[in-house]
Amino acid sequence: MQLRISDRDGIPIYAQLVRQIKLQIASGRLRVGDQLPSVRKLAEQLLVNPNTVARAYRELESEGVVSSRQGAGVFVAEDASPLARREQNRILLDRIDMLLAEARHMKVDVDAVIKLVRQRAETTQESRND
Amino acid sequence: MTDQIVVVQHLSRVFGLRVALADVSLGIGPGLVYGLVGENGAGKTTLIKHLLGLLRAESGSVRVFGADPVADPVAVLGRIGYLSEERDLPDWMRLGELIRYSAAFYPKWDDVFALELLDMFELSVAQKVRTLSRGQRARAALLVAIAHRPDLLLLDEPSSGLDPGARQDILAAIVRTVADEGRTVLFSSHLLHEVQRVADRVAILHRGRLILESSLDELLSRHHLLTIRFPSARPSPPAIEGALSWTGEAAEWACLCNGELEELKRAAELAGAIIVEQRAPTLEEVFLSRTRRSASERGSI
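The written sequence of each chain sets the order in which its residues are numbered from 1. By the order in which they are written, chains take letters starting at A while ligands take numbers starting at 1. In keeping with the model being predicted, local features are shown solely for residues with a pLDDT of at least 70 and side-chain atom pairs are shown and tallied solely at 80 or more, while totals for entire chains, interfaces and linings include all residues.

*Asks:* Could you give an account of the domain arrangement of chain B, naming the residues involved and the relevant values?
*Replies:* Residue and element names in this part refer to chain B. For chain B, the assigned domains read domain 1 (29-53 + 72-207) and domain 2 (222-298). Domain start and stop positions are those given by an automatic or database domain assignment. One C-alpha centre belongs to domain 1, the other to domain 2; they are set 38 Å apart. The contact rule is simple: place each C-beta atom from the backbone, and if two of them lie within 7 Å, those residues are in contact. Each side of the interface is counted separately: domain 1 has 9 residues, and domain 2 has 7 residues. The numbering of helices and of strands both runs from the N terminus, where a helix is a DSSP run of H or I of at least 4 residues and a strand a run of E of at least 2. Of all the secondary-structure elements, those providing two or more residues to the side of domain 1 that touches domain 2 are helix 7 (192-198) and strand 8 (201-206). Tallying contributions element by element places helix 7 first for the side of domain 1 that touches domain 2, with 4 residues.

*Asks:* How would you summarise the interface of chain A and chain B if you had to cite specific residues and measurements?
*Replies:* The parts lose accessible area when they come together, and the size of an interface is often stated as this lost area. At the junction of the two partners, chain A supplies 18 residues and chain B supplies 23 residues. Residue assignment for the side of chain A that touches chain B shows that the elements contributing at least two residues are helix 1 (13-26), helix 2 (39-46) and helix 3 (50-62) of chain A. Counting residues per element, the side of chain A that touches chain B draws most heavily on helix 2 of chain A, at 3 residues. Polarity classes work like this: nonpolar for Ala, Val, Leu, Ile, Met, Phe, Trp, Tyr, Cys and Pro, charged for Asp, Glu, Lys and Arg, and polar for all others, with Gly in that last group. For the side of chain A that touches chain B, the class distribution of residues is 9 nonpolar, 4 polar and 5 charged.

*Asks:* Describe the pairing of strand 12 (residues 252-258) of chain B, listing the residues and the values that go with them.
*Replies:* Residue and element names in this part refer to chain B. Two strands make a pair as long as DSSP finds a minimum of two bridges between them. Note that strand 10 (residues 223-229) and strand 12 share 7 bridges and pair antiparallel. Across the sheet, residue Arg229 finds its bridge partner in strand 12, namely Glu252. Relative to strand 12, strand 11 (residues 243-249) runs antiparallel, the two being bridged by 6 bridges. Residue pairing across strands places Gly248 opposite Trp253, the latter belonging to strand 12. Counting the residues that bridge the hairpin from strand 11 to strand 12 gives 2 residues, and of these Ala250 lies at a positive phi of roughly 55 degrees.

*Asks:* I'd love a proper account of the sheet that holds strand 8 of chain B, names of residues and values included.
*Replies:* Residues and elements named next belong to chain B. If you trace the 6 strands from one edge of the open sheet to the other, you get 5-6-7-3-8-9, paired in mixed fashion. Every interior strand has two partners, whereas the edge strands, strand 5 (80-83) and strand 9 (209-215), have only one. Averaged over neighbouring strand pairs, the angle between their axes works out to 15 degrees when direction is ignored. Bridge analysis of strand 3 (residues 33-37) against strand 8 gives 4 bridges, and the strand direction is parallel. Paired with Tyr34 across the two strands is Arg201, which belongs to strand 8. Under this scheme, a helix contributes an axis fitted over its contacting stretch, all axes are lines through C-alpha atoms, and angles between N-to-C directions fall in the 0 to 180 degree range. Against the sheet, helix 1 (residues 44-51) contacts strand 3, strand 6 (152-156), strand 7 (184-188) and strand 8, and its axis sits at roughly 150 degrees relative to strand 6. On the sheet, helix 6 (residues 164-179) packs against strand 3, strand 6 and strand 7 and is oriented at approximately 155 degrees with respect to strand 7.

*Asks:* A description of the nonpolar core should follow, citing residues and the corresponding values.
*Replies:* Remark: nonpolar core denotes a set of buried Ala, Val, Leu, Ile, Met, Phe, Trp, Tyr and Cys residues whose joining runs through C-beta atoms within 7 Å. Every C-beta atom is placed from the backbone, and the number of other C-beta atoms within 10 Å of a residue's own sets its class: buried at 20 or more, exposed at 12 or fewer, partly exposed in between. Grouped together as the largest cluster of nonpolar side chains are 106 residues, with contacts concentrated most on Val66 of chain A together with Leu142, Leu143, Ile174, Leu186 and Val202 of chain B. In this structure, Val202 of chain B is in contact with Gly35, Val37, Val195, Ser214, Leu216, Leu219 and Leu283 of chain B, ignoring residues within four places of it in sequence.

As structure tokens, then:
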């Protein structure tokens, strides 16, 4: 499991871990039943406080995204995907809110924004196919 | 308070006319990484020297593992690993001798672990301390500080002047110390992104005073960086309760503020502004907003 920690803004590291693990589940990089690294191993790999990793795992467990089996470790839970997908939508909605606020400041209406989004998607798709 | 590893109460210290510590009180619980931050001369090293019993508390009290480090150094020093910014080591020794010498001092010295560290740090027993590079010297000093698996690891500016590789080894030692059976780490640093990465709690010392002490998560989530825009230019920022520092000019101003985000947003809107950007500030940004004003009063940066 590859995670990246940013120290360029003040989002607490446990929250960064929670979000990234959910995104990996939503995108299928982590699957139901996959085992997460131990607290100690992930802390040493990322050079972050083990208490922080433990807190992220606790948070994920209380939301039902992972389950811990005594002595065996922490695993991606059975019904993690819909939860993770909800998180994915939440992140997209955040970005859309920001985009719409910017558009409002620039006095660009919603239809024009949607048109731009579609155009953009087509051009990036084309350049990827090249 | 009895299960606290470190308890400092109303500690003050004066050197000549200079106030090095002014009425500092703090407690450090077990299993935590405690980050001590402040400008040069803020009192960090003076505080750490009190914990080691190198300075006697003239006013106030210091307890480490429940004991007074000056009156009872045996109870305290054998359980502390210490790394100073100077990385004092006997220059004439070979690393093998340094390890034997240190082993004799600490009852819980772990020889297997010491050799493991030596190997990990790419050092050898035959090397003389005098011939070590700056990074190697720091690693050798770190080895001495952690090979007896101390209950409390005290690091005073451990990363200052080191390359990224040596800094990583120091961070890894901090992480490993806490991961092992919940030992405790206190470290002072100028590298606030490193503190933000590994600390559970943070204390900001400024001119000998403890101006902020909090869990890191709480500190970060209580501070916000808001960029706001007014319909027209204004000569100065608005008065908003909780604002710690302002930058900007004319119609657009950015504020680092402390408080509930929704209340801060409402206050900005009441002042006639719209919020154009909002994000969580870094520890460094919070630190600067808390210390800068008084720095400019002094006429220095």
